[in-house]
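Working through the structure, step by step
Residues per chain, in single letters:
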Amino acid sequence: MTRIFIIGGTGHIGGAVLHKTVEMYPDASATVLVRDEQKAKRLASKYPSAQPLVGDLESFELIEVTSREADIVINAGPDITHDKAIEAVIRGLKNRPTKGYYIHTAGASTLWDEPTGSREARTWDDDEDIQDIITVAKDLNKPHSVTDNLVRDAADEVHVAIISPGFVGGMSPSIEHPTPITTPGIVRTARAFKTPFRIAQGENRHSWIHVEDLADMYVLLVTKALASDQSCWGREAYYFGAAETIDFNGMMQGLSPVLLKHDVFEGAEMRSVGMEDAAKACLYGDNYTEESVPPPADSWAIEISILFGVNMPLRATRMAKLGWKAQKGPIVGTFDEVFSSFLRSEREAVDKDKA
Ligand SMILES: NC(=O)c1ccc[n+]([C@@H]2O[C@H](COP(=O)([O-])OP(=O)(O)OC[C@H]3O[C@@H](n4cnc5c(N)ncnc54)[C@H](OP(=O)(O)O)[C@@H]3O)[C@@H](O)[C@H]2O)c1
């Protein structure tokens, strides 16, 4: 029986990966790292065939032993600052009697340009541009580069592949995180500005992918591993998770009616903002004023505001060559369900606190 160990399997991405893996390979044994007993119970009740394993990304010994016992490890948890957990996965897989498989999640922020809201930018192709992508990651100050290098350096002893998503959207079957990780930051910023916003002219472009299409990429690699297909692993096995590219104005156009409907926006007039204001808006939400103190440089609010202004146009050529094709429609078509669901669960949490 094939043994698959999933890290981050309760997440927006990892939950979709778990769901599709269990659906496609019901006879495989899936062990899922979860952070507490409550999550373990909820996971086991939705996926009776999966085995929750309580621990976190500091449980190095547990991660190493479980990786050694697995044929395939899928890590859909956060990579940045979690080098030691990734080293534990790699140590475990290196100590297997046969060469194991590691599917790692990174992110295309390694390649972000300056957050100026302008259109002029390089489109990155994960096939044609792979040598440049590897070279950029040699700068250890770039996001994801430390862990990308750890994974690449293990390629002689472990079959490795890195999936590097752009902007991930859509509803996930995740038991804990059905809406995308970026949703709260977008909503807080929208609450601060109260109208549609953009950095400068909002001409910068992002590649997006529906979380279910992204999960299909992981399952395709699992299928390749099960078939002992050696062609899709190694130092250069870097796969963008990207399906379509839209500019920030287009994204805002899709989002505005939804946020107007929910009274997050009070009007439809577009407002051009600077980076510092976007970061403050993202941190303070309703309590934002132009005089608010800016967030710290390494904060999530800064990360989100930079995301608003950068270009991230990506081509997922490698996955297309393996036969992957996006099945979901345009990402703006998911905004109503995603943001309505997020705002509903926010209201429910407030009502629960009051009760
Ligand atoms: N979503 C995107 O747009 C995007 C784009 C590019 C790259 N990525 C990368 O993909 C990763 C996953 O994204 P996501 O959207 O699925 O995030 P998410 O919904 O927040 O899921 C993160 C998963 O990792 C688990 N986790 C977080 N910290 C952990 C820790 N210290 N120990 C053990 N488990 C931990 C979470 O467990 P809990 O359920 O207990 O919280 C959850 O299962 C991101 O961290 C990022 O590196 C995401």
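Just so it is clear, the structure is predicted and the values come from calculations on it, not from any experiment. Within each chain, residues carry numbers counting from 1 in the order of the written sequence. Predicted model: local features are reported for residues with pLDDT of at least 70 only, side-chain atom pairs are reported and counted for 80 or more only, and whole-chain, interface and lining totals are derived from all residues.

What follows covers the overall build of the chain. The way it works is that DSSP assigns letters per residue, a run of H or I at least four long becomes a helix, a run of E at least two long becomes a strand, and they are numbered from the N terminus. Each helix and strand in the chain was counted, giving 13 helices and 14 strands. In this treatment the radius of gyration is a C-alpha quantity, and the globule benchmark scales as 2.2 Å times the residue count to the 0.38 power. Computed over the C-alpha atoms, the radius of gyration of the chain is 20 Å, within 12% of the 20 Å expected from 2.2 N^0.38 for a compact globule of 355 residues. By principal-axis analysis of the C-alpha atoms, the chain measures approximately 60 × 50 × 35 Å. The burial label depends on the number of other C-beta atoms within 10 Å of a residue's C-beta. Counts of 20 or more mean buried, 12 or fewer mean exposed, and intermediate counts mean partly exposed, with C-beta atoms placed from the backbone. Relative to its 355 residues, the chain shows a buried fraction of 46%. Here, residues touch in the contact sense if the C-beta positions derived from the backbone fall within 7 Å of one another. Put simply, of all contacts in the chain between residues at least 6 apart along the chain, 81% involve residues at least 24 apart.

A separate point is the pairing of strand 11 (residues 238-241). Across the two faces of strand 11 the burial is the same, with Y238 and F240 and Y239 and G241 all buried. At least two bridges found by DSSP between two strands are what make those strands a pair. With four bridges connecting them, strand 7 (residues 159-165) and strand 11 associate as parallel partners. Looking at strand 11, one finds that P165 is bridged to G241.

The mixed open sheet is built from three strands, whose spatial order is 8-10-12. What marks the edges here is a single partner per strand, and that holds for strand 8 (167-169) and strand 12 (244-247). Going across the sheet, the axis of each strand differs from the next one's by a mean of 40 degrees, ignoring polarity. Taken together, the three bridges between strand 8 and strand 10 (residues 205-210) define a ladder with parallel strand orientation. When the bridges of strand 10 are listed, V168 appears paired with I209. Fitted lines through C-alpha atoms give the axes, limited to the stretch in contact for helices. The angle between two N-to-C directions lies from 0 to 180 degrees.

UniProt positions are given in the numbering used here, feature names are shortened, and annotations may be inferred rather than shown by experiment. The positions that UniProt labels "domain: Saccharopine dehydrogenase NADP binding" (unreviewed entry) are, in the present scheme, residues 4-91. End-to-end, the C-alpha atoms of residues 4-91 are 16 Å apart, and along that stretch the chain is 48% helix and 22% strand.

Before going further, it helps to examine the nonpolar core. One nonpolar core equals one set of buried Ala, Val, Leu, Ile, Met, Phe, Trp, Tyr and Cys residues connected by C-beta atoms within 7 Å. The biggest cluster of nonpolar side chains holds 97 residues, and the ones touching the most others in it are I6, Y102, Y218 and Y239. In terms of residue count, helix 8 (residues 211-226) provides more of this core than any other element does, nine residues in total. Leave out the neighbours within four places in its chain, and Y218 touches V17, I74, I103 and I163.

The next subject is the site of the ligand. Nearness here is judged by the C-beta atom: place it from the backbone, and if it falls within 6 Å of a molecule or strand, the residue counts as near that partner. Taken together, 24 residues lie near the ligand, and G11, D56, P78, G107 and H177 sit nearest. For the shell around the ligand, the elements supplying multiple residues, two or more each, are helix 1 (12-24) and strand 8. Residue contributions to the shell around the ligand peak at three residues, all from helix 1. Broken down by class, the residue content of the shell around the ligand amounts to nine nonpolar, 10 polar and five charged. Polar here means any residue other than Ala, Val, Leu, Ile, Met, Phe, Trp, Tyr, Cys and Pro, which are nonpolar, and Asp, Glu, Lys and Arg, which are charged; Gly is therefore polar.

The subject of this paragraph is the environment of A268. Within the secondary structure, A268 is located in the loop between helix 9 (248-261) and strand 13 (271-273). Taking the C-alpha atoms as reference points, A268 and P257, separated by 11 residues in sequence, lie 8.2 Å from one another. Not counting chain neighbours up to four residues away, the residues in contact with A268 comprise T195, P196, S256 and L260.

Running from amino to carboxyl end, helix 10 (residues 275-284) crosses helix 11 (residues 300-309) at an angle of 130 degrees, the nearest separation of the two axes being 8 Å. Considering their axes alone, helix 10 and helix 11 lie oblique with respect to each other. Every pair of crossing elements has a handedness; the one defined by helix 10 and helix 11 is right-handed. The residues of helix 11 that touch helix 10, namely those facing M275, A278, A279, C282 and L283, are A301, I302, I304, S305, F308 and G309. Among the residues making up the contact of helix 10 with helix 11, the classes are represented as nine nonpolar, two polar and no charged. Working rule for angles: under 35 degrees goes down as roughly parallel, over 145 as roughly antiparallel, 65 to 115 as roughly perpendicular, anything else as oblique. Crossing chirality is assigned from the near helix's rotation relative to the far helix, an anticlockwise turn below a right angle marking it left-handed and a clockwise turn marking it right-handed.

Here we come to the sheet that holds strand 5 (residues 101-105). Strands sit in the order 3-2-1-4-5-7-11 across an open sheet of seven strands; the sheet is parallel. Edge positions in the open sheet fall to strand 3 (50-54) and strand 11, since each of these has one partner strand only. Strand-to-strand twist across the sheet, computed as the mean angle between neighbouring axes with direction ignored, equals 20 degrees.

With that out of the way, let us pick up the environment of F197. Positionally, F197 belongs in strand 9 (residues 197-199). For F197 and F248, which are 51 residues apart along the polypeptide, the C-alpha to C-alpha distance reads 9.3 Å. In this view, F197 contacts T189, R271 and V273; residues no more than four positions away in its chain are not counted.

A few words now on helix 3 (residues 60-69). If you check which residues of helix 3 are buried, you get I63, E64, T66 and S67. The elements touched by buried residues of helix 3 are strand 1 (3-7), strand 2 (29-34), strand 3, strand 4 (72-75) and helix 4 (83-94).

Moving on, we get to the environment of I103. The topology assignment puts I103 in strand 5. Overall, the presence of 28 C-beta atoms within 10 Å leaves I103 in the buried class. A sequence separation of 65 residues divides I103 from Q38, and the C-alpha atoms of the two residues are 27 Å apart. What I103 contacts, discounting residues up to four positions off in sequence, is I72, I74, A161, I163, Y218 and L221.

Relative to each other, helix 9 and helix 13 (residues 335-354) sit at 40 degrees, their axes nearing to 9 Å. With respect to helix 13, the element helix 9 is oriented oblique. Judged by the twist between their axes, the crossing of helix 9 over helix 13 is right-handed. Note on element contacts: helix 13 touches helix 9 through F335, D336, F339 and S340, opposite G254, L255, V258 and L259. Looking at the contact of helix 9 with helix 13, its residues break down into five nonpolar, two polar and one charged.

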